[in-house]
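# Observations on the three-dimensional arrangement
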Amino acid sequence: MRGTGLVAVPYLLVRHELRLLASLWLWAARRTDGAARGGTVFGYARGQGAMMGGFAFVCVVESVMMSVLLRDWPAVHHVVLVLDVYTVVIVVGLHAASVVRPHVLDPDARTLRIRRAIHVDVRIPLERIASVRRELRTTHEPRDGELDLAVGSQTSVTVELAEPVTHVSFFGRRRQVRVVRFHADDPGALVRAVERARAGDAVP
């Protein structure tokens, strides 16, 4: 596995779980992660809320059914119950991570920070942006130099870069990207804010 060793994999997985749990705490406390003072945040989780809620509901129903089926085998029942509850926590944690880690436009640092839950965090200097536009896409074919961060199977903003930025994957693989597509709940507001920031205007 390129970019990480076998010893690093358990560390990455444990860190992943801990960050999901931290996201749940931030969500309950109505706080966000990485929102710079003077920066503007743009959410992207609205499009996946119903899907994640439905998935969590299915997991709960499955837990109840397994509890009934395994009631005569208490040892197995306890193990399966723990796994089922943990699955529900992970599903809710993934949605919470998307809520508390929004995209951030920081005019003072001259950066646009594009994120997706705890898995993607790309910082783009504003001077490297060649163009930013609202563009709805529901299909994405993997291409070299392009990063697609779909939410609910769609992206709504496309950023083209004059110079590439580095994207680091979950397992540490690094690659250069010149086009980044991602979703925002209000793509028009994000595009306008980025254009104003690139022009040097204040972002409200």
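Calculation rules
Residues numbered from 1 in each chain as written. Predicted model: local features only at pLDDT ≥ 70, side-chain atom pairs only at ≥ 80, totals over all residues. Heavy atoms only, no water. Helix = DSSP H or I, 4+ residues; strand = E, 2+ residues; numbered from the N terminus. Buried < 20%, exposed > 50% of the residue type's maximum accessible area, 1.4 Å probe, protein only. Contact = heavy atoms within 4.5 Å. Areas by Shrake-Rupley, 256 points an atom, 1.4 Å probe, with all protein chains shown as cover. Core = buried A, V, L, I, M, F, W, Y, C linked by side-chain atoms within 4.5 Å. pLDDT = per-residue confidence, 0-100. Salt bridge = Lys/Arg side-chain N within 4 Å of Asp/Glu carboxyl O. Pairing = 2+ DSSP bridges.

Helix and strand counts for the protein chain stand at four helices and eight strands. Listing the helices and strands of the protein chain from first to last along the sequence gives α-β-α-α-β-β-β-β-β-β-β-α. On the principal axes, the C-alpha backbone points of the protein chain span a range of 70 × 40 × 35 Å. Counting only residues that meet the buried cut, the protein chain has 38% of its 204 residues in that class. Summarising the internal contacts of the protein chain: among those between residues at least 6 apart in sequence, 66% fall at separations of at least 24. Surface accessibility of the protein chain: about 11,800 Å² in total, with carbon and sulfur atoms responsible for 59%.

On to the nonpolar core, then. Side chains of a nonpolar character, in soluble globular proteins, are inclined to be buried together. Formed by 25 residues in total, the largest nonpolar core has its most connected members in I124, I129 and V159. For this core, the elements supplying multiple residues, two or more each, are β3 (111-116), β4 (120-125), β5 (129-137), β6 (146-149), β7 (155-168), β8 (174-182) and α4 (187-199). By residue number, the principal contributor to this core is α4, which donates five residues. Leave out the neighbours within four places in its chain, and V159 touches L112, I124, I129, S131, V132, R178, V179, V180 and F182.

Right, let's get into the confidence of the model for the protein chain. Overall, the predicted model of the protein chain reaches an average pLDDT of 86, with 94% of residues at or above 70. Of all the helices and strands in the protein chain, helix α2 (residues 49-69) carries the lowest mean pLDDT, 79, while β7 carries the highest, 96.

The subject of this paragraph is the pattern of salt bridges. Counting across every chain of the model gives nine salt bridges. Linking R133 and E160 is a salt bridge whose minimum nitrogen-to-oxygen distance equals 3.1 Å. In this pair, R133 is assigned in strand β5 and E160 in strand β7, connecting sequence segments 27 residues apart. E146 is the salt-bridge partner of R181, the closest N and O atoms lying 2.9 Å from each other. Of this pair, R181 sits in strand β8 while E146 sits in strand β6, and the two are 35 residues apart along the sequence. Look at E146 and you get buried, because its relative accessible area is 16%. Linked through salt bridges whose partners overlap, the residues forming this network are R133, E135, R137 and E160.

Let us now look at the environment of A117. Mapped onto the elements of the fold, A117 is located in the loop between β3 and β4. Sequence separation between A117 and L94 is 23 residues; the distance between their C-alpha atoms is 6.6 Å. With sequence-adjacent residues up to four places away left out, A117 is seen in contact with Y44, L94, A97, S98 and R101.

Here we take up the pairing of β4. Pairing geometry for β3 and β4, over six bridges, is antiparallel. Bridge pairing in β4 places R113 opposite R123. In this structure, the hairpin formed by β3 and β4 is closed by a connection of three residues, where A117 is found at a positive phi of approximately 50°.

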